[in-house]
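Structural characterization, general
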Amino acid sequence: MAKNLLIVESPAKAKTIEGYLGKDFLVKSSYGHIRDLVKTDDAIDVENNFEQKYEVPSDKKAVVSELKKLAKDAETVWLASDEDREGEAISWHLYETLSLKDDKTKRIVFHEITKPAIMRAIDEPRKIDYNLVNAQQARRVLDRLVGFELSPVLWKKVKPSLSAGRVQSVAVRLIVEREREINKFAAEASYKIVAQFLTGKGKEQFKAELPQRFDQKSDAETFLRDCIQAAFAVNSLEKKPAKRSPAAPFTTSTLQQEASRKLGFSVARTMQVAQRLYEAGRITYMRTDSVNLSDTAIQEAQQEIVNAYGEKYHKLRRYKTKSAGAQEAHEAIRPTYFSQHTIEGDHAERRLYELIWKRAIASQMSEAEFEKTTAKISVSTRREELVATGEVMRFDGFLKVYMESTDEESDNTNEQSGENALLPPLEKDQSLILKAMNATERFSRPPARYTEASLVKKLEELGIGRPSTYAPTISTIQNRGYVVKEDRDGRERRYTVLQIADDKVVEEIKTEMTGAERSKMFPTDIGVLVNDFLVEHFNDIIDYHFTAKVEKEFDEIAHGGKEWTTMLKDFYGPFHQGIQDTLEHADRASHERHLGTDPATGKPVSVRVGRFGPLVQIGSADDEEKPRFASLRKGQMIETITFEEAMDLFKLPKKVGLFEDKEMTVAIGRFGPYIRHASAFYSLPKGMDPMDVTEEDAIQIIQEKRQKDKEKVIRVFEENPDAQIENGRWGPFIRFGKQNVKIPKGTDVDKITYEDVLKWAEADPKGKAKAAAKTATAKKATTKKTTKKTSTAKSKK
DNA sequence: CAGTGAGCGAGCTTCCGCTTGACTT
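Residues numbered from 1 in each chain as written. Chains lettered and ligands numbered in written order. Predicted model: local features only at pLDDT ≥ 70, side-chain atom pairs only at ≥ 80, totals over all residues. Heavy atoms only, no water.

Focus: the overall build of chain A
Secondary structure summary: chain A contains 21 helices and 30 strands in total. Along the first, second and third principal axes, the C-alpha set of chain A runs to 95 × 80 × 75 Å. Scored against the burial criterion, the 797 residues of chain A give a buried share of 46%. Residue pairs in contact within chain A that sit at least 24 positions apart in sequence constitute 69% of those at least 6 positions apart. With an accessible surface of roughly 43,200 Å², chain A has 49% of that area assigned to carbon and sulfur atoms. (Helix = DSSP H or I, 4+ residues; strand = E, 2+ residues; numbered from the N terminus. Buried < 20%, exposed > 50% of the residue type's maximum accessible area, 1.4 Å probe, protein only. Contact = heavy atoms within 4.5 Å. Areas by Shrake-Rupley, 256 points an atom, 1.4 Å probe, with all protein chains shown as cover.)

Take a look at the structure:
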């Protein structure tokens, strides 16, 4: 029996540490927290100093009983959970739950998993820090009180099953408020002047811009006209060295941002893949707020950089965390072995590892050095100067391995930036030949919508949430239906371009797409409704700075300067009063908006949130005639929909004619406009207005789709016409009734027999399960719907 | 991928932070 039992939070960590400590130590993991508040409303006794009822959740029972047994037999139990508030609480819960003895228990901490760090920790054991534990209790109790008192208010005043909390509600608020900023944003147009010059001798070309812009088209036109007969010369020439430094190694939040920008990963996917890399021993812990690297890591990175790129590429750097509320219990995210530039694994694992490796290596490399040249060009007829800039890299430094990307979209419109371009050799007073000049109308841009990752960044800046909760929070607000992540089409916008041609200024109108979004976070109507309700009645809790405020108090508790129950009492009194007042006095939340009167019937037109989502209604319930309803479409919201848009919703579905004795109907569904005929759906070609579809169009679309489907079929099996080989998006596959059967790699498609099909179909449990699930869920969904229908109806009262 | 759309009912929903599996969808 081992003399020492050492308990950490993560099993992967346990494995590593066991290797460092040898036979006398048995290293086990608690798998995070082992106890939590009971899930019922009596978990906290607010009358009695916020006394808590804890329980070991069922999925932790096995871990706890194993640890209990091992602890009983061990001479010394070492509690080595993380060095932060939560970690201290885990140690305390272990101490209590395992019934440990004070003289047999030692608390140790380390914030990097290296042998020297662990040996040092073992030499310096301490006791459980009850101030820190109390700070965690205050945090836990406050979150429970807020979540479990706010949510029921929403059930009563908005709709059942909704949720609110210190973190999620602020996340939703950020998105709602950003959407409103975008809605009220009015783009301002201005004219940007860009010129192309030729040098006199070599006839080399380069570009220059006017730094200032013209608000008025007439001013831009005048400028261009003045330039027609003007002489141009290099007025001044300046060369300046410039440097760029690498970014710090990854934290959870920065990893999520870069993986989103460079690899297109959702934050959940990034964390899944990182978890696999961590478990395989490829990277250090992936839930961290620290940018710190251990001394051994810094040395290994140095060795690797010097070996691979040479001494002058190395620069030792230590980074400091900037973000609020960082607890730094771990290292930054880095490769376990810097010598491994790449790894084995699936595509996602290899790419994420590479990103982590590059970022960590680059963080220990030299600055990149540039020479920036700025040439100012005089215009004989004007006082303004045009400016040409060029940048030459003198030394690549860290850019040899890593370039951080930004959130700025580069694909936006006709922006032709002259930055980073090379300039031909120029001399002061050299005269230049104007080759072309134009003034392009440009528009100011609204604030950017959040992506999952940029929302995480914002939350981190506000100190809201922790590395372990960023991804779950993003999921929660989507699962609750408060926000959606989706693509939205942009709209066309016209802009004016003025140009010098044949000594005249000519004008041209062009169009561009603007406002198109990919994978962005949009609030839903229910998200807006809940947010506005919370802001109205609980503004102090939903305030961006609420977390920062309470964190400060948790810190005071942790340092022994404040009693945790006092802090909670001060908070809970007014909070609970607010809950009661709201329950008693607040109206049911509704965002009903009256849009106007239907000219055809004279009935009122309004929008509101219905049981199945936002809808438009013509007529009222107490009218004799039943009101007419229509659902809002993707991108439409109660707050912003216009009367005309609302009335348009009643124009579809529209019957467009007959085909094969059956009606054809045009409508708009979740995937865009389509024609419904018999029981089949046919998408409209992109760009076709569903209102304009004629009978002939519809027939043609149906026939074309049928033809295309026919072309996809390679072979139908004689034995069973429900079995056929088709060309799919990723190559040939077998359609076998409802089941899609994969063709094994390397099979000659022409030689597949019906026996093969039966065999493969049988051997593909996933495909079978999927086919079965398809029918099962279809059934379930319908039954669920009907039960839900009655249930919500009941609770309405 | 549509259509639907308040009404009486019983009892349920819900927080944030630590950690991984054991399961299907």
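On we go.
A short note on the side chain of S606
Take S606: it is sitting in strand β20 (residues 604–610). Look at S606 and you get buried, because its relative accessible area is 5%. Filtering out sequence-adjacent residues up to four positions away, S606 remains in contact with E592, R593, H594, L595, L615, V616 and Q617.

Looking at the packing of aromatic side chains
If you walk through the whole model with that rule in mind, you get 16 aromatic pairs. When the centroid spacing of 6.3 Å and the interplanar angle of 55° are considered together, the rings of F538 and F575 count as tilted. Within this pair, whereas F538 is found in the loop between α14 (525–537) and α15 (539–542), its partner F575 is found in helix α17 (residues 564–585), the two being separated by 37 residues in sequence. With relative accessibility at 2%, the residue F538 sits in the buried group. On the basis of relative accessible area, F575 is assigned to the buried category, the value being 5%. The structure contains a cluster of three or more aromatic residues connected by ring pairs, namely F50, F538, F546, F571, Y572 and F575. Looking at R269, its charged tip hangs above the ring of F265, at a distance of 4.7 Å from the centre. (Phe/Tyr/Trp six-rings, centres within 6.5 Å; stacked < 30°, edge-to-face > 60°. Lys NZ or Arg CZ within 6 Å of the ring centre and 35° of its normal.)

As for the UniProt feature "active site" (unreviewed entry) in chain A
The feature "active site" (unreviewed entry), as given by UniProt, occupies Y285 in the numbering adopted here. On the secondary structure map, Y285 appears in the loop between α9 (267–279) and α10 (295–309). For Y285, a relative accessible area of 17% puts it in the buried group. The residues touching Y285, leaving out its near neighbours within four places in the chain, are Y278, H330 and I333. Looking at Y285, its side chain comes within polar contact range of the side chain of R287, at 3.0 Å. (UniProt positions renumbered as here; feature names shortened; annotations may be inferred. Polar contact = N/O pair within 3.5 Å; in protein donor to acceptor, adjacent residues only side chain to side chain.)

Regarding the pairing of strand β10 (residues 205–209)
Of the two faces of β10, the one lined by F206 and A208 is fully buried and the one lined by Q205, K207 and E209 carries no buried residue. Pairing geometry for strand β9 (residues 189–199) and β10, over five bridges, is antiparallel. Within the sheet, the bridge partner assigned to A195 lies in β10 and is A208. The turn joining β9 and β10, which pair antiparallel and follow one another in sequence, is formed by five residues; a positive phi near 55° is taken by K203. (Pairing = 2+ DSSP bridges.)

Overview of helix α12 (residues 452–461)
Counted residue by residue, α12 has seven buried out of ten residues, so it is predominantly covered. Turning to α12, its buried residues are E452, A453, S454, L455, V456, L459 and E460. Tucked inside the fold, the buried residues of α12 contact α6 (168–184), α8 (252–263), α9, α13 (470–479), β15 (483–488) and β18 (517–523).

Some words on the pattern of salt bridges
Following the criterion strictly, the structure yields 47 salt bridges and no others. Linking R166 and D143 is a salt bridge whose minimum nitrogen-to-oxygen distance equals 2.6 Å. Here D143 lies in helix α5 (residues 130–157) and R166 lies in the loop between α5 and α6, a separation of 23 residues in the sequence. The same class applies to R166 as to D143, namely buried. (Salt bridge = Lys/Arg side-chain N within 4 Å of Asp/Glu carboxyl O.)

A short note on the sheet that holds strand β8 (residues 105–107)
Read from one edge to the other, the open sheet built from four strands follows the order β2-β1-β7-β8, with strand pairing classed as parallel. At either end of the open sheet lies a strand with only one pairing partner, and these are β2 (25–29) and β8. This sheet shows a mean twist of 20° between the axes of neighbouring strands, independent of strand direction. Set on the sheet, helix α2 (residues 61–73) makes contact with β1 (4–8), β2 and β7 (76–79); between it and β2 the angle comes to about 160°. Running over the sheet, helix α3 (residues 85–97) touches β1, β7 and β8 and is turned about 175° from β8. (Axes fitted to C-alpha atoms, helices over the stretch in contact; angles between N-to-C directions.)

Some words on α14
Across its 13 residues, α14 extends 18 Å between first and last C-alpha, which sits within 8% of the 18 Å expected from 1.5 Å per residue. Those residues of α14 not exposed but buried are D525, I526, G527, V528, L529, V530, N531, F533 and L534. (Expected span 1.5 Å × (residues − 1).)

Side note on the environment of L154
Take L154: it is sitting in helix α5. L154 sits in the buried class, given a relative accessible area of 0%. As for L154 and K428, which are separated by 274 residues in sequence, their C-alpha atoms are 71 Å apart. L154 has contacts with K159, L162, S163, A164, Y482, V530, F533 and L534, leaving out every residue within four places of it along the chain.

Looking at the packing of α6 against α13
Running from N to C, α6 and α13 point in directions that differ by 70°, and their axes come no closer than 10 Å. Accordingly, the angle class assigned to the pair α6 and α13 is roughly perpendicular. The hand of the α6/α13 crossing is right-handed. Where α6 abuts α13, its residues Q168, A171, V172 and I175 lie against T473, T476 and I477. Each residue belonging to the contact of α6 with α13 can be placed in one class, and the counts come to four nonpolar, three polar and no charged. (Parallel < 35°, antiparallel > 145°, perpendicular 65-115°, else oblique. Left-handed = near helix turned anticlockwise from the far one by under 90°. Nonpolar A, V, L, I, M, F, W, Y, C, P; charged D, E, K, R; others polar.)

What to know about the packing of α6 against α12
Viewed as axis vectors pointing N to C, α6 and α12 meet at an angle of 120°, and their least axial separation amounts to 11 Å. The hand of the α6/α12 crossing is right-handed. Along its contact with α6, which presents A171, L174 and I175, the element α12 presents L455, K458 and L459. Among the residues forming the contact of α6 with α12, the class breakdown is five nonpolar, no polar and one charged.

Considerations on unusual backbone geometry
Phi angles above zero are rare outside glycine, and S99 is one such case at about 50°. Positionally, S99 belongs in the loop between α3 and β8. Of the residues examined, S99 reaches a relative accessible area of 46% and is grouped as partly exposed.

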